[in-house]
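Okay, here's what each chain looks like letter by letter:
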Amino acid sequence: MAAEGRITDVEIEHRFEDIGQRTLLLNACRIAAKENTEILILVAIEDVTDARNRETDLVSFSRELENNVAERTVSLAASNASLKRSNDSLEQFATIASHDLQEPLRKIRTFSALLHQRHNKEIGAEACELIDKISVAAQRMSGLINDVLNFSKVLDASVFERVDLNGLLQNVMGDFDLQIEEKSAIITHDKLPVIRAVPLQMNQLFYNLLGNAIKFSKPGVSPVIHISCRVLAVGELPGHLHLDDSTSFYEIVFQDNGIGVDQKFAEQIFLIFQRLNTREHFEGTGIGLALCKRIVQGHEGEIYMTSAEGGGTQFHVILPFDQ
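Peer 1: Give a detailed account of the overall build of the protein chain, specifying residues and quantitative values.
Peer 2: The helix and strand tally for the protein chain stands at 6 helices and 11 strands. A total of 323 residues make up the protein chain; the buried ones form 31% of that total. Of the contacts made within the protein chain by residues no fewer than 6 positions apart, 63% connect residues no fewer than 24 positions apart. Roughly 20,500 Å² of accessible area belongs to the protein chain as shown, and the carbon and sulfur atoms make up 54% of that amount.

Peer 1: Run through the nonpolar core, naming residues and quoting values.
Peer 2: Met202, Leu205, Phe206, Leu209, Leu210 and Ile252 are the most contacted members of the largest nonpolar core, which has 40 residues in total. Those elements that provide at least two residues to this core are α3 (165-175), β7 (194-197), α5 (199-215), β8 (224-232), β9 (249-255), α6 (288-298), β10 (302-307) and β11 (313-320). In terms of residue count, α5 provides more of this core than any other element does, 7 residues in total. With residues up to four places along the chain from it excluded, the contact list for methionine 202 reads Leu165, Leu168, Ile195, Ala197, Ile295, His299 and Leu319.

Peer 1: I'd love a proper account of the packing of α5 against α6, names of residues and values included.
Peer 2: Put simply, α5 and α6 touch, their axes get as near as 9 Å, and they point 140 degrees apart. Taken together, the axes of α5 and α6 lie oblique to each other. The hand of the α5/α6 crossing is left-handed. Two secondary-structure elements touch here, α5 through Gln201, Met202, Gln204, Leu205, Asn208, Leu209 and Asn212 and α6 through Gly288, Leu289, Leu291, Cys292, Ile295 and Val296. Here the contact of α5 with α6 is built from residues that sort into 8 nonpolar, 5 polar and no charged.

Peer 1: I'd love a proper account of the packing of aromatic side chains, names of residues and values included.
Peer 2: Inspection of every chain in the model, using the stated rule, returns 4 aromatic pairs. Taking 5.2 Å as the distance between ring centres and 85 degrees as the angle between the ring planes, the aromatic pair formed by phenylalanine 206 and phenylalanine 254 counts as edge-to-face. With phenylalanine 206 in helix α5 and phenylalanine 254 in strand β9, this residue pair connects regions lying 48 residues apart in the sequence. Exposure remark for phenylalanine 254: the relative accessible area of 2% places this residue in the buried category. The ring of phenylalanine 270 has lysine 293 lying over it, and the distance from NZ or CZ to the ring centre is 5.2 Å.

Cut-offs and rules
- Residues numbered from 1 in each chain as written.
- Predicted model: local features only at pLDDT ≥ 70, side-chain atom pairs only at ≥ 80, totals over all residues.
- Heavy atoms only, no water.
- Helix = DSSP H or I, 4+ residues; strand = E, 2+ residues; numbered from the N terminus.
- Buried < 20%, exposed > 50% of the residue type's maximum accessible area, 1.4 Å probe, protein only.
- Contact = heavy atoms within 4.5 Å.
- Areas by Shrake-Rupley, 256 points an atom, 1.4 Å probe, with all protein chains shown as cover.
- Core = buried A, V, L, I, M, F, W, Y, C linked by side-chain atoms within 4.5 Å.
- Axes fitted to C-alpha atoms, helices over the stretch in contact; angles between N-to-C directions.
- Parallel < 35°, antiparallel > 145°, perpendicular 65-115°, else oblique.
- Left-handed = near helix turned anticlockwise from the far one by under 90°.
- Nonpolar A, V, L, I, M, F, W, Y, C, P; charged D, E, K, R; others polar.
- Phe/Tyr/Trp six-rings, centres within 6.5 Å; stacked < 30°, edge-to-face > 60°.
- Lys NZ or Arg CZ within 6 Å of the ring centre and 35° of its normal.

Put into structure tokens, the structure is as follows:
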């Protein structure tokens, strides 16, 4: 820029033989000497090549970042649309599972029962046994559909609230009143914390773990179950590398004196539809523990099992102080 008697911030591009292309910033002004009337010019030349290169790089980076954000925004919009379609499909599945699929199963069970009641003397013992198997299979299928539907409903809940695990455990124990009385189960527990969690999911977690402890008891032996709780201090998570060891966690352990499981199945039992016991001895679809793992991981925690055949089982639930 030129003004009267002054030139300010004029950029000049020049290629030097030894250092190549450079950007120079020129400033000049006219000065007067007191000794004589000769006009003097003060010239200042600054090499701003590196600064201009940084500015250019910054502009390029900014434009690239804007383009990436725009592309990511489009991608997220597409993902959200896909997620909405997926959720809509899940809702349709829930409707089908709770009504359309259950209705024919109810009819199979009803007609099997009627056939058995009205014509069991006419069709013989072998046919009656086959009819019973049809009825049992239909009942099992109905239970499986209910479990899968419950799986999707529980995981769909996502609102975190303050949850008093002591009150929650008491409610869950109330759900098992009959089983506790039938098996003379003894259940004790430490004082449990209040955490920030999804109430429905925590309820399902405690329900599944306590239910397993009661169900998988030794024949003729009263279940003895203890739910303990302790604080894992910062840095006390060497075996759980994916957890954030900069925070503190609660470890809640469901310990029983039941039939136990071979430790080699410690990972397998958390896979959906995996069963280690025959249906003749224990009912179930193999969804409960898979759901427990999904719930705990959704709360940024971990669950694992320690056990031995005939030596009882301990389910360790690790949950952060807060979410």
